[in-house]
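Close look at the chain arrangement
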Amino acid sequence: MKLKNPLDMHLHLRDESMLKLVAPLSTKDFRAAVIMPNLVPPLCDIKSLKAYKERILKVSNDNHFTPLMTLFFKNYDEKFLENAKDEIFAIKLYPAGITTNSENGISNFEIETLKPTLEAMSALNIPLLVHGETNDFVMDRESNFSKIYEKLAKNFKNLKIIMEHISTKTLCKLLKDYENLYATITLHHLILTLDDVIGGKMKPHLFCKPIAKTYEDKTALCELAFNAYEKVMFGSDSAPHPKDEKECCGCAAGIFSAPIALSVLAELFQKHSNQENLQKFISDNACKIHNLSFKEDKIITLDNENWQVPNEYKNENEKIIPFMAGENLRFQVKS
Ligand code: DOR
Ligand code: ZN
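For the chain, the name recorded in an unreviewed UniProt entry is Dihydroorotase, with Campylobacter novaezeelandiae as its organism. UniProt annotates the chain under Pathway (unreviewed entry) with the comment "Pyrimidine metabolism; UMP biosynthesis via de novo pathway; (S)-dihydroorotate from bicarbonate: step 3/3." UniProt, in its Catalytic activity (unreviewed entry) section for the chain, records the words "(S)-dihydroorotate + H2O = N-carbamoyl-L-aspartate + H(+)".

Lining the immediate surroundings of ligand 1 are 13 residues, of which Arg14, Asn38, His131, Lys209 and His241 lie closest. The side chain of His241 places a nitrogen or oxygen atom 2.8 Å from an oxygen atom of ligand 1. In the complex, 100% of the free accessible area of ligand 1, which totals 290 Å², lies under the protein chains. Residue composition of the shell around ligand 1, by class: three nonpolar, seven polar and three charged.

Quick look at the coordination of the zinc ion (ligand 2) now. For the zinc ion (ligand 2), every protein donor is listed as His10 (NE2), His12 (NE2) and Asp237 (OD), and the spread of their distances is 2.0 to 2.1 Å. In the primary structure, the donors to the zinc ion (ligand 2) are separated according to the pattern H-x1-H-x224-D. Here His12, found in the loop between strand E2 (7-11) and helix H1 (16-27), pairs with Asp237, found in the loop between strand E9 (232-234) and helix H11 (243-246); they are 225 residues apart in sequence, far enough to count as distant. Judged on exposure class, the residue His12 and its partner Asp237 are both buried.

Among the secondary structure elements, Lys298 is positioned in the loop between helix H13 (275-290) and strand E10 (299-308). By relative accessible area, which is 10% here, Lys298 ends up buried. With 182 residues separating them along the chain, Lys298 and Pro116 place their C-alpha atoms 39 Å apart. Each residue touching Lys298, except ones within four places of it in the same chain, is listed here: Leu3, Lys4, Asn5, Pro6, Thr27, Lys28, Asp29, Phe30, Arg31, Asn63 and His64. A polar contact of 2.3 Å, which involves the side chain of Lys298, links it to the backbone oxygen of Asn63.

Rules and cut-offs
Residues numbered from 1 in each chain as written. Chains lettered and ligands numbered in written order. Predicted model: local features only at pLDDT ≥ 70, side-chain atom pairs only at ≥ 80, totals over all residues. Heavy atoms only, no water. UniProt positions renumbered as here; feature names shortened; annotations may be inferred. Near = heavy atom within 4 Å. Polar contact = N/O pair within 3.5 Å; in protein donor to acceptor, adjacent residues only side chain to side chain. Areas by Shrake-Rupley, 256 points an atom, 1.4 Å probe, with all protein chains shown as cover. Nonpolar A, V, L, I, M, F, W, Y, C, P; charged D, E, K, R; others polar. Donors = N, O, S within 2.8 Å, 3.2 Å for Na, K, Ca; no water. Helix = DSSP H or I, 4+ residues; strand = E, 2+ residues; numbered from the N terminus. Buried < 20%, exposed > 50% of the residue type's maximum accessible area, 1.4 Å probe, protein only. Contact = heavy atoms within 4.5 Å.

As structure tokens, then:
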């Protein structure tokens, strides 16, 4: 099977020795990826963003990979955004404290407060990526964020709003109700329900935000992905954390899936859909939504060959357990 220009529309690469370990593994199968800005401190200025992009390119460019950079959302003025426009792909909004390194996020969702920045983004055609969760009961957090998505979609009709890593049937439906709402879907939300995470022995390596939900929610997500619904794109939300920070009291949220994502998607689409829809889900939909094109194409070949996911990935400082560690997969990426 061959795929043209696979794109990961939501990727965490971290920094320093973690970046060195995960970037080559996370970028080898992809032509480009949207890089998340939740570093410590978050990426809020162009100098830091450009320096981070250089660090990413330095450790991953044997893979002919393009990082699509994002800024961390705060109130930016129009002049700043005009200057930033050519360096950024989008701006990512986190509600304050909702997930890893989001303490500097937004706690006031009043339209008047957000208006100057969101109007400038609309005018400059800068997409808004959103981690959509409230502080309510954990299973309701995403659905309850619907009212904020609706408010944003209605008040900023020219703003392209991407609902990141959707995990509920509520948002699968909302996507169809507003022209300017789009979504990314992860690999893990196509596979897991809450039962896999806490139904038997608790599995820290399957713990992520938003948490995997019910069978009905998973089915709704699979329907969109496997039919390559034109408003959804693949975004792994691959989010590595050191083994010690997952296997402890106070487990960090995040699943490290990027190195195996394409193999597993190939297997899922072979079983439940077809290659044409995988090509749309993994690349063509995102290219259309964001007007993306590439000077040089990257063609990925996947062979029908069994291989085993490593039990861990490590370098001299870091050790990470990947999604599906030790499991056998049917497609191997040959590049
Ligand atoms: O599980 C998650 N991990 N969800 C997020 O939104 C953030 C991410 C991370 O950065 O670790
Ligand atoms: Zn994320």
